[in-house]
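Structural overview for review
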Amino acid sequence: MSSTTSLPGFRDFYPDELARRAHIFRAWRAVARKYAFVEYDGPPLEPLELYTKKSGDEIVGQLYNFTDKGGREVALRPEMTPTFARMVGARANALRKPVRWFSIPQLFRYERAQRGRLREHFQLNVDIVGEASELADAELLAVAIDIMRELGLTSADVRARVSDRRLLNAILQAVGVAEAQVPAVYAVVDKIARQPREVSAEKLAQAGLAGPLVERVLALATGATFEQVRAEFGTDAGAAEHVARFARYRAHLDALGVGDWVDLDLSIVRGLAYYTGTVFELFDARGELRAICGGGRYDTLLKSLGGTDLPALGFGMGDVVLGELLKDRGLFPDAGEEAVDLHLVAGNGASQVGFPDALRLVTALRRAGFSVAHGLNAERYLSQATRNQVDSARKAGVTAAIAFREDGATEVTSLLGAMKGAPTLVLDTARALAGEDATMQDLRDWLHRQRAAARAATAAGAAPGPTTGSPNG
RNA sequence: GUGGAUGUAGCUCAGUCGGUUAGAGCAUCGGAUUGUGGUUCCGAGGGUCGCGGGUUCGAAUCCCGUCAUCCACCCCA
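Residues numbered from 1 in each chain as written. Chains lettered and ligands numbered in written order. Predicted model: local features only at pLDDT ≥ 70, side-chain atom pairs only at ≥ 80, totals over all residues. Heavy atoms only, no water.

1. Some remarks on the overall build of chain A
Quick note on the threshold: Put simply, DSSP marks the helices as runs of H or I at least four residues long and the strands as runs of E at least two long, and each gets a number from the N terminus on. Two things to know: the radius of gyration comes from C-alpha atoms, and the globule rule equals 2.2 Å times the number of residues to the power 0.38. The cut-offs for exposure are 20% and 50% of the maximum accessible area for each residue type, with area from a 1.4 Å probe on protein chains only; residues under the lower value are buried, those over the upper are exposed, and the others partly exposed. Reported accessibility uses the Shrake-Rupley method at a 1.4 Å probe radius. Residues are deemed covered only where the shown protein chains occlude them. The sign given to each residue is positive for Lys and Arg and negative for Asp and Glu; His and the chain ends receive no count. Taken as the charge centre is NZ of Lys, CZ of Arg, CG of Asp or CD of Glu, depending on the residue.
Looking only at helices and strands, chain A has 18 helices and 17 strands in total. Since a compact globule built from 473 residues should have a radius of gyration of about 23 Å, the 29 Å found for chain A marks it as more spread out than a globular shape. Considering only C-alpha atoms, chain A reaches an extent of 95 × 60 × 50 Å along its principal axes. The proportion of buried residues among the 473 residues of chain A is 45%. Accessible area for chain A stands at about 23,400 Å²; split by element, carbon and sulfur atoms hold 52% of it. Of the charged side chains in chain A, 57 are positive and 59 negative, and the gap between their average positions amounts to 2 Å.

Shown next as structure tokens:
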């Protein structure tokens, strides 16, 4: 390739790729705002200490870090939570609770890149601070699921797997796992789906669990539904409270309209880090990709980072895996939303009107709010066949061509459907040049109708499968 | 960090047993008797065959190294 490629794991966003990214961002913002979250941001470069304090020195190997010219140890942010915790902590007393904030930071990590895992990505972070009730947990998961919906995914495409560490703890104790064995059991449970059952069993045995107990734990972590858990542990002295809370959580999810996306999965542990309560991940239902989203409750983290003692919960959702899923399912819209409205082409009357007036028309249209393109070579405007000009405008995805007729009128021709008998709109050239309100409004309405008709045609024709258009889906 | 697979035009890929100037389709650009047009036709640009070394009279092709990508581990904020 060329001598100037991007760094490994970093992406160039060409216009069609940026359009996809923008599509995802739009959905993120739209849903977050719908749930009354407000957007914030912080610096992409932070003191290295911000991350070592929380995660220890081992994390440095996975960071982009360096010493700046003032001798400070700094790192590109690998996650948003420490920044968020600092910002909330600094104004904890002044902020109205619960805090409902979201952000779309670009995050960095120094790791070998793989499918769905680059060295840079954008990640929606949604957090709630100051509410310990399970209703907050339900609200948070509803945001994540509603984003899937907003992007055209269904509960057949994406599943939410939910667990609760308090519940898992209580269940493990109820079946006889000693407290000292819990961390080891967590480590096994966390990767239970990614390694053979015998390996998990072996590791549980090594952790000191007796044979029957190993089988019990494996069964619970691999297949137990909430109904089974409730039947078995709903009256257990230690677990009843947690079963009841989870039942309320599920009821809230149902009422929020996302219950059918959610499955209990006690193997969802989310690392061993800082989660204290509910934990969840969103996966594609076919299991082909990495997790789309992960989050949960971290009630002690703010305090441990030196902030105030407030309960908190949140999730992160990256653009990479989500983008791959949308691409696989053909859910990215064709470039229509950014389409240019009009492209100036010559037409039979071009030589009578003259190029300066043609440009004046373009200017009048732009002042009226239309996006208007034209060739940037004045000689070719008159020398090149109109059909070639129209053709390139059509290929560029412009909605309509605007041309001068022999009789002096200005004609707008839709480029969206079949060219034979394409809808046209005739404008009075003088009024168009003057930017007359009524004329501009006519044009606006007409363009709107053409787009609506084209969308309807696409929807009708595209029902059985992929039809016209780009292979990028 | 470990192991495996793959690198040919912007994209998808041909390229025989090692053989002379590396091809196709799509895309891009220009044009087809001053123009109403998705088609068609003609033409053009675009390559250090990932990079470096080796074997050979001769390497896209065989060997070694290296880099990148993908897959599986490790790790997961």
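2. Here's the deal with the protein's contact with RNA strand B
Let me state the cut-off plainly: Residue proximity to a molecule or strand is established when one non-hydrogen atom of the residue lies within 4 Å of it. By the criterion applied in these results, polar contacts are pairs of N or O atoms within 3.5 Å in which, for protein atoms, one can donate a hydrogen and the other can accept it, and in which residues neighboring in sequence qualify only through two side-chain atoms.
Around RNA strand B, the structure places 38 residues, and the nearest of them are R115, R117, S383, A418 and M419. Near the protein, within 4 Å, the atoms of RNA strand B are sugar or phosphate in 48% of cases. Between RNA strand B and G9, the relevant distance is 3.4 Å, taken from a phosphate oxygen to a main-chain nitrogen or oxygen of the residue. One of the backbone N or O atoms of R270 is found 3.3 Å from a phosphate oxygen in RNA strand B.

3. Observations concerning the packing of helix α5 (residues 165-175) against helix α8 (residues 211-223)
Put simply, the test is: Working convention: axes come from line fits to C-alpha atoms, limited for helices to the stretch in contact. Angles between N-to-C directions cover 0 to 180 degrees. Angles below 35 degrees are treated as roughly parallel, those above 145 as roughly antiparallel, those between 65 and 115 as roughly perpendicular, and all remaining angles as oblique. Two helices cross in a left-handed way if the nearer one is turned anticlockwise from the farther one by less than a right angle. They cross in a right-handed way if the turn is clockwise. The criterion used for residue contact is that any of the two residues' heavy atoms lie within 4.5 Å. Under the scheme applied, nonpolar residues are Ala, Val, Leu, Ile, Met, Phe, Trp, Tyr, Cys and Pro; charged residues are Asp, Glu, Lys and Arg; polar residues are all the others, including Gly.
The interhelical angle for the contact between α5 and α8, taken along N-to-C directions, is 155 degrees, at an axis separation of 11 Å. Viewed along their axes, α5 and α8 adopt a mutual orientation that is roughly antiparallel. Crossing of α5 over α8 shows right-handed handedness. Counting all contacts with α5, which are made through I171, L172 and V175, the residues of α8 involved are L213, R216, V217 and L220. Of the residues assigned to the contact of α5 with α8, the class counts are 6 nonpolar, no polar and 1 charged.

4. As for unusual backbone geometry
Residue P98 follows K97 across a cis peptide bond; omega there is -5 degrees. Along the chain, P98 falls in the loop between α3 (81-90) and β5 (99-103). Phi at A36 takes a positive value of approximately 70 degrees, unusual for a residue other than glycine. Along the chain, A36 turns up in the loop between α1 (15-34) and β1 (38-39).

5. Comments concerning the sheet that holds strand β4 (residues 73-76)
What counts is decided by this rule: At least two bridges found by DSSP between two strands is the condition for calling them paired.
In spatial order, the strands read β2-β4-β3; together these 3 strands make up an open sheet with antiparallel pairing. Each of the sheet's edge strands pairs with one partner strand only, and the pair in question is β2 (45-47) and β3 (65-67). Within the sheet, the average angular offset between the axes of one strand and its neighbour, ignoring direction, is 35 degrees. Alignment of β2 against β4, held across 3 bridges, turns out to be antiparallel. Within the sheet, the bridge partner assigned to E46 lies in β4 and is A75.

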